[in-house]
Amino acid sequence: MPTRNSRPVPVAGRVNRFSYAIRNIVAEAKAVEAQGRRVRYLNIGDPVAFGFRTPDHLVEAATRAMRDGHNGYVPSVGVESARIAVASDYAARGVPVSPDRVLITTGTSEGIELALNALVDEGDDVLVPSPTYPLYTAILAKIGAQPRYYRTDPDRDWLPDLDHLRSLISTRTRVLVVIDPNNPTGAVYPTAVRRALLELAEQHDLTILADEVYGDLGFTGPLPLLGSLDPDAPVISFSSVSKAYLAPGWRAGWMVVGSTPRLDDALAAVKKLADGRLCSPGPMNYAVEAALTGDRSHQAAFREALAERGRVTTEMLNAIPGMRCVAPKAAFYVLPSVSLPPGRTDEHYVLSLLRETGILCVNGSGFGVPATGGYFRIVFLANPQELASIYADIGAFTRDYLARG
Ligand SMILES: Cc1ncc(COP(=O)(O)O)c(C=O)c1O
């Protein structure tokens, strides 16, 4: 037997730079639960956890694929019929694209990771919205690239501040991340803003990563794809079955590399990287096909349920003294703020809320906004009665918290 030492195995430095607040905060919630308090989890955007059901025909497609023996590796770009279904769906929405430019991915998340790795070198800059969905900055930390946060403005429905965005562009800027509809703010960008983003990308030779995972969840109906405004723009679009098809645990999504020949090298690079992970889960490729070719009537009911929850959320939060909440227009998130007493942080507020009421939200600084801004994110997927009771508790807690100073 070799002699053993007790030194811990060293961990790579990049792990210290990596952070993903949405899940990190769960450790705190578990500690609160261990003390016997019920925790109401409003931290993660999973409709299934709140009783929304995956449509039967998708479950059937996935299980049929397994029963039919589709249990081996599939092509690393995905099963042909699924790629055709994605390309047809995009064409029907005004983005004509060949199936050869589609990859089936392990969720939107993997598409984003593949694209950033294909496009961004260590030391490069990437424009990400502030607040942002934190996966982008987490991946950039692994790559060793810098996020440059462009402001989105709560006084203007959380729309991007285009002048600020422009001021951040340098020779090292490679990519512009656009999350529309937005997590964590629930914002939807009007056509004029979308056009301005496309123009900026054009002027400065940037590739747009268009995160369109909530595109079908506008409260008034599905939203156009960004690329439909200019099918020749350098846009790579991402989505999945996680949100609008109510199957986040399946880890099934797609990535569409716009038709412009300017993206041919990027497409080849993404495919090269995708080869290295062999493939996305095979049976789920068949579920993607079923999602995009089958019945979508569940989406209308889902959108209606979200709109109602969004209304209850905005009304009740804005009635709490010291709290402000911009009305969401899509998806199932809001990012309200409390006017924090001097010296307090959003994390202090969120952890105090958790410990005193069992309500788990995520601090705004986890999405890249300053910790003193008092922002925190709520997932409003619970039913309206439960939301009303949660917001009553948040109100009582907040009054007390602010009075304590
Ligand atoms: C803006 C945004 N992009 C991507 C993802 C990841 O989605 P997926 O489950 O498809 O990987 C999420 C999940 O919450 C998200 O909010």
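Because the structure is predicted, anything quoted here is derived from the model rather than measured.

1. So, the pairing of strand 15 (residues 376–379)
- Residue alternation in strand 15 divides its side chains into two sets, Phe376 and Ile378 and Arg377 and Val379, and both sets are buried.
- Judged from the two bridges that link them, strand 11 (residues 333–334) and strand 15 form a sheet pairing that is antiparallel. In the sheet register, tyrosine 333 faces strand 15, and the bridge partner there is valine 379.
- Pairing of strand 14 (residues 362–363) with strand 15, which is carried by two bridges, proceeds in the antiparallel orientation. Along strand 15, the bridge assignment pairs valine 362 with arginine 377.

2. Quick look at the domain arrangement of the protein
- With domains assigned, the protein is organised as domain 1 (16–45 + 298–404) and domain 2 (56–293).
- Here the C-alpha centre of domain 2 lies 27 Å away from the C-alpha centre of domain 1.
- Contact residues are listed per partner, giving 27 residues for domain 1 and 27 residues for domain 2.
- Listing elements by their share of the side of domain 1 that touches domain 2, those giving two or more residues are helix 2 (21–24), helix 12 (297–318) and strand 11.
- When residues of the side of domain 1 that touches domain 2 are assigned to their parent elements, the largest contribution, six residues, is made by helix 12.
- In terms of residue class, the side of domain 1 that touches domain 2 is built from 15 nonpolar, eight polar and four charged.

3. Observations concerning the nonpolar core
- One finds Ala115, Val177, Ile208, Ala287 and Val288 to be the most contacted residues of the largest nonpolar core, which totals 124 residues.
- Two domains share this core, each providing at least three of its residues, namely domain 1 (16–45 + 298–404) and domain 2 (56–293).
- Those residues in contact with isoleucine 208 that sit more than four places away from it in its chain are Leu176, Val178, Leu197, Ala201, Leu226, Ala233, Pro234 and Val235.

4. Considering the environment of cysteine 361
- Mapped onto the fold, cysteine 361 is located in the loop between strand 13 (359–360) and strand 14.
- Linking cysteine 361 and leucine 317, residues 44 residues apart in sequence, is a C-alpha distance of 14 Å.
- Beyond its immediate chain neighbours, meaning those up to four positions away, cysteine 361 contacts Leu42, Asn43, Val350, Leu353, Phe376, Arg377 and Ile378.

5. Points about the site of the ligand
- The full set close to the ligand counts 13 residues, and Gly107, Thr108, Ser109, Ser240 and Ser242 are the nearest of them.
- The element contributing the most residues to the shell around the ligand is helix 6 (residues 107–119), with three residues.
- Counted by class, the shell around the ligand contains four nonpolar, eight polar and one charged residues.

6. Topic: the sheet that holds strand 9 (residues 253–257)
- Spatially, 2-9-8-7-6-3-4-5 is the arrangement adopted by the eight strands of the open sheet, whose pairing is mixed. Both edges of this open sheet fall to strand 2 (102–105) and strand 5 (159–160), since each of them pairs with a single strand only.
- In this structure, strand 3 (residues 125–130) lies alongside strand 6 (residues 173–179), joined through three bridges in parallel fashion. Bridge pairing in strand 6 links leucine 127 to leucine 176.
- Contacts from helix 10 (residues 264–276) reach strand 2, strand 7 (207–211) and strand 9, with the element oriented near 150 degrees to strand 9.

7. Things to note about the pairing of strand 3
- Most of strand 3 sits inside the fold, with five of its six residues counted as buried.
- For strand 3 and strand 4 (residues 146–153), the ladder comprises six bridges, and the chain directions are parallel. By the bridge assignment for strand 4, serine 130 is matched with arginine 151.
- In the classification by handedness, the crossover that spans strand 3, the intervening helix 7 (residues 135–143) and the parallel strand 4 is right-handed.

Conventions used here
- Residues numbered from 1 in each chain as written.
- Predicted model: local features only at pLDDT ≥ 70, side-chain atom pairs only at ≥ 80, totals over all residues.
- Buried ≥ 20, exposed ≤ 12 C-beta atoms within 10 Å, placed from the backbone.
- Helix = DSSP H or I, 4+ residues; strand = E, 2+ residues; numbered from the N terminus.
- Pairing = 2+ DSSP bridges.
- Domains from an automatic or database assignment.
- Contact = placed C-beta atoms within 7 Å.
- Nonpolar A, V, L, I, M, F, W, Y, C, P; charged D, E, K, R; others polar.
- Core = buried A, V, L, I, M, F, W, Y, C linked by C-beta atoms within 7 Å.
- Near = placed C-beta within 6 Å.
- Axes fitted to C-alpha atoms, helices over the stretch in contact; angles between N-to-C directions.
- Right-handed = clockwise from strand over helix to strand, strands pointing away.

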